[in-house]
Amino acid sequence: MSEASIAKKAQEVEVVTAKLKEAASVVVVDYRGLTVDEVTELRKQLREANVEMKVIKNGILRRAAEAAGLEGMGDVFVGPTAVAFSNDDVVAPAKIMNDFAKEAKALEIKGGIVEGNVSSVEEIVALAKLPNREGLLSMLLSVLQAPVRNVAYAVKAVSESKEEVA
């Protein structure tokens, strides 16, 4: 190999290493068997959720995972591999890939990384079943409002009972 190609591959490894370290979550899939239309639709859904999908050579992925300190990812980087990176939403790539895999049986989730930790297929599928960030915030807000709402109902009930007595 020439020095130029070695330098180019080293630079690619650095870029992918940085992406792996910065990402809130990464989902690795085998896309073999998907039609062009299906891949286009998948990329569209990912783009709308601000998730970047790339097809990267397994050797570069292995070196980048090793450089990022992600042990155990070597088994995942086998065969045709596409990687979805999300810097914002931890749930989005898992949810989109899992939902798409239900429709397009050819798409297979191989594993992933969630907040710097290597995750199995089962963990990625479990993550996909969680509500998205907005849904979780809505649930939190509902939980926080419940005590205040209960106090307001109690005060109103006391007020109404005193009015009836008077």
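These lines cover the structure that appears in this document, whether it is placed above or below. (Residues numbered from 1 in each chain as written. Predicted model: local features only at pLDDT ≥ 70, side-chain atom pairs only at ≥ 80, totals over all residues. Heavy atoms only, no water.)

Attention now goes to the overall build of the chain. A count of helices and strands for the chain gives six helices and five strands. Traced from its N-terminal end to its C-terminal end, the chain shows the element sequence α-β-α-β-α-β-α-β-β-α-α. Relative to the 2.2 N^0.38 estimate, which gives 15 Å for 166 residues, the radius of gyration of the chain is 23 Å and therefore markedly larger than a compact globule would have. Taken along its principal axes, the extent of the C-alpha atoms in the chain is 95 × 35 × 25 Å. A burial count over the chain gives 34% of its 166 residues as buried. Once local pairs closer than 6 in sequence are excluded, the contacts in the chain between residues at least 24 apart make up 80%. Counting 21 positive and 25 negative side-chain charges, the chain places the centres of these two groups 3 Å from one another. (Helix = DSSP H or I, 4+ residues; strand = E, 2+ residues; numbered from the N terminus. Rg over C-alpha atoms; globule rule 2.2 N^0.38 Å. Buried < 20%, exposed > 50% of the residue type's maximum accessible area, 1.4 Å probe, protein only. Contact = heavy atoms within 4.5 Å. Lys, Arg positive; Asp, Glu negative; His and termini not counted. Charge placed at Lys NZ, Arg CZ, Asp CG, Glu CD.)

Among the secondary structure elements, Asn98 is positioned in helix α4 (residues 92-103). Once residues lying within four places of it in the same chain are set aside, the contact partners of Asn98 are Ile109, Val125 and Ala128.

One key point about sheets: their strands pair by backbone hydrogen bonds, in either a parallel or an antiparallel sense. Within the open sheet, the five strands sit side by side as β2-β3-β1-β4-β5. Their pairing is antiparallel. With one partner strand each, in any of the chains shown, β2 (52-55) and β5 (117-119) form the two edges of the open sheet. Sheet twist, expressed as the mean angle between neighbouring strand axes with direction ignored, is 20 degrees. Relative to strand β4 (residues 108-114), strand β1 (residues 25-30) runs antiparallel, the two sharing six bridges. Its bridge partner lying in β4, Asp30 is registered against Glu108. (Pairing = 2+ DSSP bridges. Axes fitted to C-alpha atoms, helices over the stretch in contact; angles between N-to-C directions.)

Turning next to helix α2 (residues 36-48). Under the 1.5 Å per step criterion, the end-to-end length of α2 is 18 Å for 13 residues, consistent within 8% with the ideal 18 Å. Positive phi shows up at Asn50, right after α2, with a value of about 60 degrees. (Expected span 1.5 Å × (residues − 1).)

The next point concerns the packing of aromatic side chains. In this structure the tally under the stated criterion is zero aromatic pairs. It is Lys19 that lies over the ring of Phe85; its NZ or CZ is 5.6 Å from the centre. (Phe/Tyr/Trp six-rings, centres within 6.5 Å; stacked < 30°, edge-to-face > 60°. Lys NZ or Arg CZ within 6 Å of the ring centre and 35° of its normal.)

A few words now on the packing of α4 against helix α5 (residues 121-128). Packed helices, taken two at a time, are described by the angle their axes make and the gap between the axes. In the contact formed by α4 and α5, the axes pass within 8 Å of each other and the chain directions differ by 100 degrees. When the axis of α4 is compared with that of α5, the two are roughly perpendicular. Residue-level inspection shows Ala94, Lys95 and Asn98 of α4 in contact with α5, the latter providing Ile124, Val125, Leu127 and Ala128. (Parallel < 35°, antiparallel > 145°, perpendicular 65-115°, else oblique.)

Before going further, it helps to examine the pattern of salt bridges. Tallying each qualifying case throughout the model produces four salt bridges. In this structure, Arg32 and Asp30 form a salt bridge, with 2.9 Å as the shortest nitrogen-oxygen distance. Arg32 gets classed as exposed once you look at its relative accessible area, which sits at 52%. By relative accessible area, Asp30 is classed as buried at 7%. (Salt bridge = Lys/Arg side-chain N within 4 Å of Asp/Glu carboxyl O.)

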